[in-house]
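# Residue-level structural notes
So the chains spell out like this:
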Amino acid sequence: PTSAQVSVVPHSGRFCYTLDNNLLTTEQRQFYEDNGYLLIKKLVSDEDIERFRKEFTRICKREVKPPGVMIMKDESLRSQFGQSEKVVNKVQDFQEDEELFRYCTLPEVLKYVECFTGPNIMAMHTMLINKLPDSDQQTFLHPMHQDLHYFPFRPASRIVCAWTAMEKAHQDNGCLVVQPGTHKTTLKPHGYPELEGKTNKLFHGLLEEDEKIPKVHLVMEKGDTVFFHPLLVHGSGINRTSGFRKSISCHFASSDCHYIDVKNTTQEHLEKELEEMVRRKYNAISVELKDIWHFRARLVQGERINL
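Residues numbered from 1 in each chain as written. Predicted model: local features only at pLDDT ≥ 70, side-chain atom pairs only at ≥ 80, totals over all residues. Heavy atoms only, no water.

This brings us to the sheet that holds strand E8 (residues 176-178). Sheet architecture is open: four strands sit in the order E5-E13-E8-E11, paired in antiparallel fashion. Looking at strand neighbours, the two that pair on one side only are strand E5 (142-145) and strand E11 (216-217), the edges of this open sheet. Two elements, E5 and strand E13 (residues 234-236), share two bridges in a ladder whose sense is antiparallel. Opposite histidine 142, over in E13, you have serine 236 as the bridge partner. (Pairing = 2+ DSSP bridges. Helix = DSSP H or I, 4+ residues; strand = E, 2+ residues; numbered from the N terminus.)

In structure tokens:
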């Protein structure tokens, strides 16, 4: 749909989480309304995924060093594998790497994103996840969480994540797990789970998980893409295979969204942790959460308004 065909006001009465357009069917809109996610099969080409894979390898080998990128590693494996993808769990904030950032500008992805955000689209948070084999330690199990916990901007209904499988994702290699319908709840308190200190930095999880809500494992083929709401409770399991389960994702938001002050909220402790990490990394005297997000955010379509 063109920008002119997308209303920025949700359909009166029936649909709260998608915008009127000629792309999504009524059934697809209703499914997202009820469940908080929508899976689109074979959306991203094998050719594009292969390019993203090659760039990820170059970043791991330090052949390219994009500014601002955060490389998250399992340091215990460095002596065994050195600088290679076998120690890198995640490449985050790749908005300055033109090759990986192509993912955020793919027309086939953006046409769906526009159904949730409207015509003015910002790429806010980028990640390429390389889930390492991890049968015993549970180091890279990401506990159930809501992504809005990390975001100091609103409204939540104009934010959406696009998450693309770079190879088949299933229960054995730690596919996404979602709790359908939880996008209709509020933002819950998050923190580090009690996993004997094995949890990765910033891998926060729900402090109280509702086990009564059914979980769905999203089995996906290479190129399949799921779009989901930032309040949807989700996580990923352990990779019990010998391979590496890769995915690439971006959280998009309407540039009409606005920043909020997270002081005295459940997000305040995250703000302090993130600011401290950035101060150490860049040797900065003072940095504010809003500054961090200004740096991460990049316009991909339309006009930059607030973010």
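Close inspection of predicted coordinates is inappropriate for parts of the model with low pLDDT. Per-chain confidence: the protein averages 86 in pLDDT, with 86% of residues scoring 70 or above. Contacts for the low-pLDDT stretch residues 1-12, under 50 throughout, to residues beyond four places or in other chains number 31 contacts. (pLDDT = per-residue confidence, 0-100. Contact = heavy atoms within 4.5 Å.)

Here arginine 154 and proline 155 are connected by a cis peptide whose omega angle stands at 5°. Its place among the elements puts proline 155 in the loop between strand E6 (153-154) and strand E7 (159-165). Phi at lysine 42 is positive, roughly 45°, even though this residue is not glycine. Looking at the element boundaries, lysine 42 is found in the loop between strand E1 (37-40) and helix H2 (46-60). Residue classification places lysine 42 among the exposed residues on the basis of a relative accessible area of 52%. Even without glycine at this site, arginine 62 takes up a positive phi of about 65°. With respect to the element layout, arginine 62 can be found in the loop between H2 and strand E2 (70-73). On the basis of relative accessible area, arginine 62 is assigned to the partly exposed category, the value being 38%. (Buried < 20%, exposed > 50% of the residue type's maximum accessible area, 1.4 Å probe, protein only.)

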